[in-house]
Amino acid sequence: MIRTLVVDDDFRVSQIHSDYVLRVKGFAVVGEAATVAEALAAVRNLRPDLLLLDVFLPDGSGIDILRLLSQDEGDARPDALMITADHDITSVRAAMKLGAIGYLVKPFGSADLAERLTGYRQLRDRVDALSRTTTADQADVDALFSAARPPAVPRIPAKGHSAPTLSAIHQALRTAATALSAAEAAEATGVSRATAQRYLSYLVKEGTVHLELRYGTTGRPEHRYRIAH
């Protein structure tokens, strides 16, 4: 499990984000903190793998936390995903320079966070797999950067498409081990097969999903879908 610490000065927002994290496979919330001091103490005591880190805090900022943690030696420093209403470019650049793995601007839904967390989990899995070797070729490196920056879901769906359903279909494909059929995507997201097929066709048209034709011994080829890279 990826141990996650949620850092936000609004306890209601913190609880919502914790609930979002718990919905994502492979993640656990080990604590919440509302200040810079609480966050630093929690990092020392709880040893989280990942921080969901707000910028605005009563006694400083999330950027301060990143800067202080960057001074620590060893492998104990957690990764950080910025979760904040601050979209000032100065904060974004500072977070990037200090090693933040992403920057998600409030408000956002559970599907948006789930996509970032899933990409982060896949990145860790790839790094762990490569750590058992001594070298990496270009394909390995490309795969790492692809996992770190997952493809985006179209932000403005076409008329007749729901953004939450679109995100759910996209998320199901991202987390699947193999390409999915429309029926499998429907089962994974709880929508009808016809609805899944309509959304999959839209994602193919937008270029974020790739259609594969699987030929059997007889009959028409089966349509299967995977995330486009």
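As a starting point, this report considers the structure included with it.

Calculation rules
Residues numbered from 1 in each chain as written. Predicted model: local features only at pLDDT ≥ 70, side-chain atom pairs only at ≥ 80, totals over all residues. Heavy atoms only, no water. Helix = DSSP H or I, 4+ residues; strand = E, 2+ residues; numbered from the N terminus. Buried < 20%, exposed > 50% of the residue type's maximum accessible area, 1.4 Å probe, protein only. Contact = heavy atoms within 4.5 Å. Areas by Shrake-Rupley, 256 points an atom, 1.4 Å probe, with all protein chains shown as cover. Axes fitted to C-alpha atoms, helices over the stretch in contact; angles between N-to-C directions. Left-handed = near helix turned anticlockwise from the far one by under 90°.

Things to note about the overall build of the protein chain
Alright, step 1. The secondary structure content of the protein chain amounts to nine helices and nine strands.
Alright, step 2. Counting every position in the protein chain, which comprises 229 residues, the buried fraction comes to 41%.
Alright, step 3. Of the contacts made within the protein chain by residues no fewer than 6 positions apart, 61% connect residues no fewer than 24 positions apart.
Alright, step 4. Counting every atom, the protein chain has about 12700 Å² of accessible surface; 53% of that belongs to carbon and sulfur.

Some points on unusual backbone geometry
Alright, step 1. Cis geometry is found at the peptide bond from lysine 106 to proline 107, where omega equals -5 degrees.
Alright, step 2. By secondary structure assignment, the location of proline 107 is in the loop between strand S7 (102-105) and helix H5 (110-130).

A word on the packing of helix H2 (residues 36-46) against helix H3 (residues 62-70)
Alright, step 1. Contact pair H2 / H3: the axes reach a minimum separation of 10 Å and the direction vectors enclose 35 degrees. In the crossing of H2 with H3, the sense of the turn from one axis to the other is right-handed. Across the interface between the two elements, Val36, Ala39, Leu40 and Val43 from H2 touch Ile65, Leu68 and Leu69 from H3.

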